[in-house]
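Below, each chain spelled out in residue letters.
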Amino acid sequence: MMENRDVDQKVIENYENAENMMILVFAQWCINHDLHPMKLYQRAYPTQSANQALAAALEHTVPKAESEEISDQTVLQVLQLFGNNDLAYVVQSEIEQRKE
């Protein structure tokens, strides 16, 4: 049987893996729409320093031509699921500009 600390560690690892996937989805969505992920992140969180997790995720993105489609709705839902409402707002504004 797992010790409580083992369970806690597993929960933390699962959350971090899911959070990294959210960051990768955001980064790839940006690439697919010719947007710079770091610039959008800075617009959402101007007081934060460079996001190391986002920088790491960028290393795992693929060129637009090689990427699967990531819907606007998917990226918004994933961001909101992790409480990144400010970033979701910036993404939404980019979506609205594109549709104009």
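First, a word on what this report is: a plain description of the structure on this page.

Basis of the calculations
- Residues numbered from 1 in each chain as written.
- Predicted model: local features only at pLDDT ≥ 70, side-chain atom pairs only at ≥ 80, totals over all residues.
- Heavy atoms only, no water.
- Helix = DSSP H or I, 4+ residues; strand = E, 2+ residues; numbered from the N terminus.
- Areas by Shrake-Rupley, 256 points an atom, 1.4 Å probe, with all protein chains shown as cover.
- Buried < 20%, exposed > 50% of the residue type's maximum accessible area, 1.4 Å probe, protein only.
- Salt bridge = Lys/Arg side-chain N within 4 Å of Asp/Glu carboxyl O.
- Phe/Tyr/Trp six-rings, centres within 6.5 Å; stacked < 30°, edge-to-face > 60°.
- Arc of directions from axis to C-beta.
- Contact = heavy atoms within 4.5 Å.

### Considering the overall build of the chain
Step number 1: Scanning the chain from N- to C-terminus turns up five helices and zero strands.
Step number 2: Reading the secondary structure of the chain in the N-to-C direction produces α-α-α-α-α.
Step number 3: In terms of overall dimensions, the chain has a C-alpha envelope of 55 × 35 × 25 Å along the principal axes.
Step number 4: Of the roughly 6,900 Å² of accessible surface on the chain, a fraction of 51% belongs to carbon and sulfur atoms.

### A few points about the environment of Ala65
Step number 1: Assignment of secondary structure puts Ala65 in the loop between helix H3 (52–58) and helix H4 (72–81).
Step number 2: With relative accessibility at 82%, the residue Ala65 sits in the exposed group.
Step number 3: Residues Ala65 and Asn32 lie 33 residues apart in sequence; the distance between their C-alpha atoms is 8.0 Å.

### Quick notes on the pattern of salt bridges
Step number 1: Counting across every chain of the model gives three salt bridges.
Step number 2: When the shortest N-O distance is used, the salt bridge between Asp34 and Lys64 registers 2.9 Å. Here the residue Asp34 occupies a position in the loop between helix H1 (4–32) and helix H2 (37–44), and Lys64 occupies one in the loop between H3 and H4, the gap between them amounting to 30 residues.
Step number 3: On the accessibility criterion, Asp34 (59% relative accessible area) is exposed.

### Concerning the packing of aromatic side chains
Step number 1: Here the structure, examined in full by the defined rule, presents two aromatic pairs.
Step number 2: Where Tyr41 meets Tyr45, the ring centres are 5.0 Å apart and the plane angle is 50°; that geometry is what we call tilted.

### Observations regarding H4
Step number 1: Taken together, the buried positions of H4 are occupied by Asp72, Val75, Leu76, Val78 and Leu79. In a view along the axis of H4, the buried residues occupy a sector of 165°, so they form one face of it.
Step number 2: Each element contacted by the buried residues of H4 is listed here: H1 and helix H5 (85–99).

### What about H2?
Step number 1: Those residues of H2 that fall on the buried side of the exposure criterion are Pro37, Leu40, Tyr41 and Ala44. When H2 is viewed along its axis, its buried side chains cluster within an angular range of 100° and face the same direction.
Step number 2: Looking at the buried positions of H2, the neighbouring elements they touch are H1, H3 and H5.

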